[in-house]
Protein chains: 2
Amino acid sequence: MNSDSRIWQVGVAFGAGLCSGVILAWYWGRSPTKQKTKKEEDKVLFFPDVHTSGDPAGGKDNLSKLLQALASAKDSLDVCIFTFSHRDLADTLINTHQRGVVVRVLTDNEQMHSYGCQVERLRRAGIQVRLDTTSYYMHHKFAIIDHRRLVNGSLNWTAQAIQGNQENLIVTSKDKLVQPFVKQFQLLWEKYDPDKLLR
Amino acid sequence: MNSDSRIWQVGVAFGAGLCSGVILAWYWGRSPTKQKTKKEEDKVLFFPDVHTSGDPAGGKDNLSKLLQALASAKDSLDVCIFTFSHRDLADTLINTHQRGVVVRVLTDNEQMHSYGCQVERLRRAGIQVRLDTTSYYMHHKFAIIDHRRLVNGSLNWTAQAIQGNQENLIVTSKDKLVQPFVKQFQLLWEKYDPDKLLR
């Protein structure tokens, strides 16, 4: 075997290795992302719900999608909602709590006496509730499912918001967006600890 | 040269190629993503703004970050806000309009007479404004910069929201989240066209 043929063989082997490496790295790099995207897609829900409002600007059956997202919680469900008077949403929280999921609810004391407020019902069912008792509003409208999926937008949990108003919700599993909310919920949960407020 | 040494040489060349391929693909794959992330990072802003409120649950100078994001518009700025009474935010919209950017504002007629409402001021400056005149609320709180960056959350554009309330804003360039808002803004813009409403 002469020297030229040896160089050629080594070159082909290097080239084949290079191609295999690129393909392998591409496969490693892409595959988990694709699976993740397929499993828990980011989405936007608009309201009013078309089923109840008939408004073409609304979303089709988006209340069901919201209820499903909340009911998918396996370990924890942290809810931070300014106005909470929607019975179906309260039912979902109570069922989720009864399945053994740790459900925590943060809301504003000034909304506690709004029409149909569900917060006392949640408390009677054994769900932990804490209140912002300052003169300002705890105006968030978000929920975190299992510390890794966020529902956030303009929508208060009321019948008027779901059936009448123009509203939005973003549902995302993007860590860069979810984790600041996980941290903020814990911070507010401790801020509104009744033991601390009494001191 | 014997057969064993040739197999060994080809093997080493293939291995070297494989490693180079993986490194090359990793570099190609990572580099644009990193640049993109650096350029337009997704982020979450919490309020009240610590500078004015002193509340440790708030965000540091997040009003400035919001103003900067809006002022970065080069072609278009679409704003869909329930309550708009914050003077600095109105100033930014007026300046942006005067730079030749197409600014459009959607809001709710029931908020037009709220204290300090900036909407008439925007109109006088020549900005296009349309109103939801239905009995329900146009309750969104979002803005779209150049059809590709979204600011969305619980925050109305008022001094109380920025300086006092617990509020959030998500800022994202993720197409899957931004594009539904681009479409929804256009749909509502047409829905609230005064010519159509008069018919």
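Above this text is the structure in question.
Fair warning: this is a prediction, and the values are worked out from it, not measured in the lab.

Enquirer: Just to check I follow, could you spell out the overall build of chain A for this structure?
Expert: Of the regular secondary structure elements, chain A holds eight helices and seven strands. In terms of overall dimensions, chain A is more spread out than a globule: its C-alpha atoms have a radius of gyration of 25 Å, far above the 16 Å expected for 199 residues. Looking at chain A residue by residue over its 199 residues, the buried ones come to 50%. Long-range contacts, defined as pairs at least 24 residues apart, comprise 68% of the intrachain contacts of chain A with a sequence gap of at least 6. In the structure as shown, chain A presents an accessible area of about 9900 Å², 54% of it carried by carbon and sulfur atoms. Treating the 26 positive side-chain charges of chain A as one cloud and the 21 negative ones as another, the clouds have centres 6 Å apart.

Enquirer: Got a minute to help me understand a nonpolar patch on the surface in this structure?
Expert: Together, L24, W26, Y27 and W28 of chain A make up a nonpolar patch on the protein surface, roughly 510 Å² of accessible area in all. Turning to its location among the elements, L24 of chain A is positioned in helix α1 (residues 3-39).

Enquirer: When you look at the pattern of salt bridges in this model, what are you seeing that I'm missing?
Expert: Close approach of charged atoms lets side chains of opposite charge pair. Enumeration over the complete set of coordinates arrives at ten salt bridges over all chains. The salt bridge involving K174 of chain B is made with D42 of chain A; its shortest N-O contact spans 3.1 Å. Taken together, the residues span two chains, with K174 of chain B in the loop between β7 (167-172) and α7 (175-191) and D42 of chain A in the loop between α1 and β1 (43-47). On the basis of relative accessibility, which here comes to 28%, the residue K174 of chain B falls in the partly exposed class.

Enquirer: I tried to follow the side chain of R121 of chain B on my own but got confused; where do I start?
Expert: Structurally, R121 of chain B can be placed in helix α5 (residues 119-124). Leaving out residues up to four positions away in the same chain, R121 of chain B has contacts with R87, A90, D91 and I94 of chain B.

Enquirer: What is the right way to read the packing of helix α3 (residues 62-71) of chain A against helix α4 (residues 87-98) of chain A from this model?
Expert: Axis angle and axis distance: for two packed helices, these are the angle between their axes and the distance between the axes, and together they describe the pair. All names here are of chain A. Running from N to C, α3 and α4 cross one another at 20°; their axes reach a closest spacing of 10 Å. With respect to α4, the axis of α3 lies roughly parallel. Seen from above, α3 lies across α4 with right-handed handedness. Between α3 and α4, the residues in contact are L63, L66, L67, L70 and A71 and D88, L89, T92, L93 and T96, respectively. Classifying every residue of the contact of α3 with α4 gives seven nonpolar, two polar and one charged.

Enquirer: Is there a simple way to think about α3 of chain A in this case?
Expert: Every α-helix winds through 3.6 residues per turn, so residues three or four apart in the chain are directed the same way. Taken together, the buried positions of α3 of chain A are N62, L63, L66, L67, A69 and L70 of chain A. Buried positions in α3 of chain A, seen along its axis, are confined to an arc of 160° and lie on one side of it.

Enquirer: Would you explain the relation of the copies chain B and chain A in this entry?
Expert: Superposition of the two copies of the chain requires a rotation about an axis together with a shift along that axis. Structural alignment of chain B on chain A gives an RMSD of 1.2 Å, achieved by rotating through 179° and translating 0.4 Å along the axis. What the rotation and shift describe, once combined, is the action of a two-fold rotation axis. The residues that chain B uses at the interface reappear at the interface of chain A in 100% of cases, marking a shared surface.

Enquirer: Please explain the state of the cysteines as it appears in this structure.
Expert: Tallied over the full model, the rule gives zero disulfides over all chains. The structure places no disulfide on C80 of chain B, whose sulfur is separated from the nearest cysteine sulfur, that of C117 of chain B, by 14 Å.

Enquirer: Which parts of the structure should I look at to understand the environment of A25 of chain B?
Expert: Mapped onto the elements of the fold, A25 of chain B is located in helix α1 (residues 3-39). When near neighbours in sequence (up to four residues on either side) are disregarded, A25 of chain B contacts V22 and A25 of chain A.

Enquirer: Would you explain α7 of chain B in this entry?
Expert: Taking 1.5 Å of rise per residue, 17 residues should cover 24 Å, and α7 of chain B covers 24 Å from first to last C-alpha, within 8% of that figure. Within α7 of chain B, burial applies to L177, V178, F181, V182, Q184, F185, L188 and W189 of chain B.

Enquirer: What exactly am I supposed to notice about the sheet that holds strand β7 (residues 167-172) of chain A here?
Expert: Remark on secondary structure: sheet strands pair via backbone hydrogen bonds, oriented parallel or antiparallel. Residues and elements named next belong to chain A. What the seven strands build is an open sheet, ordered β1-β7-β6-β5-β2-β3-β4; its pairing is mixed. Where the open sheet ends on each side, the last strands, each with one partner, are β1 and β4 (128-132). With strand direction ignored, the average angle separating the axes of adjacent strands in the sheet is 15°. Relative to strand β5 (residues 141-145), strand β2 (residues 76-81) runs antiparallel, the two being bridged by five bridges. Counted as the bridge partner of C80 is F142 from β5. Of the strands in this sheet, β1, β2, β5, β6 (149-153) and β7 touch α3, which is tilted by about 130° from β1. Across the sheet, α4 touches β2 and β3 (102-108), and the angle it forms with β3 is around 145°.

Definitions and limits used
- Residues numbered from 1 in each chain as written.
- Chains lettered and ligands numbered in written order.
- Predicted model: local features only at pLDDT ≥ 70, side-chain atom pairs only at ≥ 80, totals over all residues.
- Heavy atoms only, no water.
- Helix = DSSP H or I, 4+ residues; strand = E, 2+ residues; numbered from the N terminus.
- Rg over C-alpha atoms; globule rule 2.2 N^0.38 Å.
- Buried < 20%, exposed > 50% of the residue type's maximum accessible area, 1.4 Å probe, protein only.
- Contact = heavy atoms within 4.5 Å.
- Areas by Shrake-Rupley, 256 points an atom, 1.4 Å probe, with all protein chains shown as cover.
- Lys, Arg positive; Asp, Glu negative; His and termini not counted.
- Charge placed at Lys NZ, Arg CZ, Asp CG, Glu CD.
- Patch = residues over 30% accessible without salt bridge, like charges linked within 9 Å, V, L, I, M, F, W, Y side chains within 5 Å.
- Salt bridge = Lys/Arg side-chain N within 4 Å of Asp/Glu carboxyl O.
- Axes fitted to C-alpha atoms, helices over the stretch in contact; angles between N-to-C directions.
- Parallel < 35°, antiparallel > 145°, perpendicular 65-115°, else oblique.
- Left-handed = near helix turned anticlockwise from the far one by under 90°.
- Nonpolar A, V, L, I, M, F, W, Y, C, P; charged D, E, K, R; others polar.
- Arc of directions from axis to C-beta.
- Least-squares fit on C-alpha atoms with pLDDT ≥ 70 in both.
- Disulfide = S-S within 2.5 Å.
- Expected span 1.5 Å × (residues − 1).
- Pairing = 2+ DSSP bridges.

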